Amino acid sequence: MSATLAVSQNLPGFGDQPIWISLIKTLGVFVFLVVMTLFSIVFERKVVGRMQNRIGPNRVGPWGILQSLADGVKLAFKEEIIPVLADKPIYFLAPILSATPAFLAFSVIPFGPEVSMFGHHTALQLTDLPVGVLVVFACSSLGVYGIVLSGWSSGSTYPLLGSLRSAAQMISYEIAMGLSMVAVFLFSNTMSTSGIVLAQNKVWNVIPLFVSFGIYAISVVGETNRAPFDLAEAESELVGGFHTEYSSFKFAMFFLAEYINMVTVSALATTLFLGGWHAPWGLHAIWSGCNSGWFPMIWFTLKVIVGIFVFVWLRGTLPRLRYDQFMAFGWKVLIPINLVWILAVTAIHVLRDRNFPAWEATAIPLAIVLLVVVVPGLMVWEGTRAKHEAALAEDEADEAQEPLTFPIPPMDLRVPTPPRQLATASVRRPAGQLPGGTDEEDSDG
């Protein structure tokens with residue numbers, strides 16, 4: 001633990017490296033994000049197609065892997081339509097505010113340990129800070145400005161509603177996401193991303209902090225406006241939400257920001273809970289060099305792809321929530337559970353510092369939480385559910401006793417032939433024949 005604290009405070013390998021190495025790292029992060037965005041789009045379409053028994057993209061490039069590149073080129077060269085009522089300076093600025101923080105957030109994500117790069121030893125990370133996780137959190141929070149300003153500057157109702165929805169849901173779920181990180185800080189004794197990864201060299205945080213991981217996984221889906229929480233776009237009710245009035249390259253920037261944010265939150269989940277660039281369990285026993293050199297970049301990338309797959313899986317299986325259900329879930333479920341969990345983790349941390357045995361330091365706070373919070377909460381929930389069911393039964397009984405106030409058609413109702421069909425039948429009928437099949441002369445007789 002002392003080594004982790006030293007790393008988080010001194011941060012060796014950052015600040016004393018040549019400027020050209022920093023430029024190479026910056027270019028590498030940019031290329032990684034662009035390639036992962038192109039991969040994520042094709043990956044999502046392929047996986048959803050597989051789930052829906054479809055082929056997916058298979059025309060452009062081998063196995064259709066260049067389809068997203070073709071779509072990007074097409075968007076860049078499409079005609080741009082700017083609304084007449086748009087506030088043009090803010091209208092142009094909003095896509096930049098959405099895409100730029102998404103790139104900046106990756107500056108503190110560690111890809112691997114120290115390696116030799118052209119004779120210089122440097123960490124596979126652009127930079128790090130004693131509060132590196134808060135940098136990612138702040139960059140993800142800045143993305144809401146681009147969405148809100150894009151909806152307001154478009155001069156249209158649907159984008160404005162979408163931007164207001166996005167602002168409300170991103171602020172709500174950022175609180176839950178930020179609280180889920182507090183337990184990681186307490187467990188690792190640092191807020192440096194590289195320090196948190198080094199603290200997981202034996203046990204990944206997803207095991208002791210499984211509650212924080214679950215809350216983080218739910219919160220980032222709402223934070224990134226992905227299905228089933230894509231209420232800011234809501235094509236069925238808001239056409240396209242905040243980017244309805246955008247086209248061409250500006251729409252592509254919103255698209256790019258969404259997928260980069262998806263990669264960023266998957267990388268942050270890997271860093272905080274899934275061991276970062278450390279190899280999967282069991283691999284170190286058969287391969288001693290799996291966590292050295294450039295190989296950790298492979299483990300890091302595979303974990304990020306697993307996170308992206310979960311996003312795609314949710315989109316292909318779950319329907320969109322109602323907005324009031326979505327907001328109530330964030331404020332009334334995630335945040336209270338998070339607060340109680342932070343108290344339990346803090347109590348465990350204090351008891352361990354006072355030299356309590358590990359099982360006692362863990363069992364005592366969890367037992368208190370179970371007796372004081374969980375059991376009364378379940379009792380209240382059960383009582384509320386019983387009252388709701390009783391109210392529904394009473395309403396159904398009242399409705400059954402009330403007389404019907406709407407007409408009921410008879411069971412032997414015969415639907416008359418529409419006039420159009422009668423007219424068509426008379427045209428096709430031979431001249432002089434009546435609808436009953438008799439001639440006019442017979443009827444006159």
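Structure: see above.
What comes next is a walk through the structure.

Rules behind the numbers
- Residues numbered from 1 in each chain as written.
- Predicted model: local features only at pLDDT ≥ 70, side-chain atom pairs only at ≥ 80, totals over all residues.
- Heavy atoms only, no water.
- Helix = DSSP H or I, 4+ residues; strand = E, 2+ residues; numbered from the N terminus.
- Expected span 1.5 Å × (residues − 1).
- Bend = angle between axes of the 7 residues up to and from the residue.
- Buried < 20%, exposed > 50% of the residue type's maximum accessible area, 1.4 Å probe, protein only.
- Contact = heavy atoms within 4.5 Å.
- Patch = residues over 30% accessible without salt bridge, like charges linked within 9 Å, V, L, I, M, F, W, Y side chains within 5 Å.
- Areas by Shrake-Rupley, 256 points an atom, 1.4 Å probe, with all protein chains shown as cover.
- Salt bridge = Lys/Arg side-chain N within 4 Å of Asp/Glu carboxyl O.
- Lys, Arg positive; Asp, Glu negative; His and termini not counted.
- Charge placed at Lys NZ, Arg CZ, Asp CG, Glu CD.
- Axes fitted to C-alpha atoms, helices over the stretch in contact; angles between N-to-C directions.
- Parallel < 35°, antiparallel > 145°, perpendicular 65-115°, else oblique.
- Left-handed = near helix turned anticlockwise from the far one by under 90°.
- Nonpolar A, V, L, I, M, F, W, Y, C, P; charged D, E, K, R; others polar.
- Core = buried A, V, L, I, M, F, W, Y, C linked by side-chain atoms within 4.5 Å.

### Regarding helix α13 (residues 323-353)
Part 1: Given a rise of 1.5 Å per residue, 31 residues ought to cover 45 Å, and the 44 Å separating the end C-alpha atoms of α13 matches this to within 8%.
Part 2: The sharpest bend along α13 measures roughly 30 degrees and falls at Phe329.
Part 3: Those residues of α13 lying buried are Phe326, Met327, Gly330, Leu334, Ile335, Asn338, Trp341, Ile342, Ala344, Val345, Ile348 and Leu351.
Part 4: Looking at the buried side of α13, the elements it contacts are α6 (157-188), α8 (210-223) and α14 (358-401).
Part 5: Positive phi shows up at Asn355, right after α13, with a value of about 65 degrees.

### Describing a negative patch on the surface
Part 1: Together, Glu394, Asp395, Glu396, Asp398, Glu399 and Glu402 line one region of the surface with negative charge.
Part 2: Within the secondary structure layout, Glu396 lies in helix α14.

### Here's the deal with the packing of α13 against α14
Part 1: At a minimum axis separation of 8 Å, α13 and α14 run at an interaxial angle of 150 degrees. If you check the angle between α13 and α14, you find them roughly antiparallel. The interaxial crossing formed by α13 with α14 has right-handed handedness. Between α13, through Val340, Trp341, Ala344, Ala347, Ile348, Leu351 and Arg352, and α14, the contact on the second element is made entirely by Glu360, Ala361, Thr362, Ile364, Pro365, Leu366, Val369 and Val373.
Part 2: Broken down by class, the residue content of the contact of α13 with α14 amounts to 12 nonpolar, 1 polar and 2 charged.

### Observations regarding a nonpolar patch on the surface
Part 1: On the surface, a cluster of nonpolar side chains totalling about 980 Å² of accessible area is made up of Phe356, Ile364, Ile368, Leu370, Leu371, Val372, Val373, Val374, Val375, Leu378 and Met379.
Part 2: Inspection of the secondary structure assignment puts Val374 in helix α14.

### Focus: the nonpolar core
Part 1: Counting 62 residues, the largest nonpolar core has Phe106 and Tyr216 as its most contacted members.
Part 2: Only α2 (19-51), α5 (132-153), α6, α7 (193-198), α8, α10 (248-272), α12 (296-317) and α13 provide two or more residues apiece to this core.
Part 3: For this core, the element with the most residues is α10, which contributes 9 residues.
Part 4: Setting aside chain neighbours within four positions, we find Phe106 in contact with Val29, Phe32, Leu33, Phe111, Val263, Thr264 and Ala267.
Part 5: With 11 residues, the next largest nonpolar core counts Ala86, Val144, Met170 and Tyr246 among its residues.

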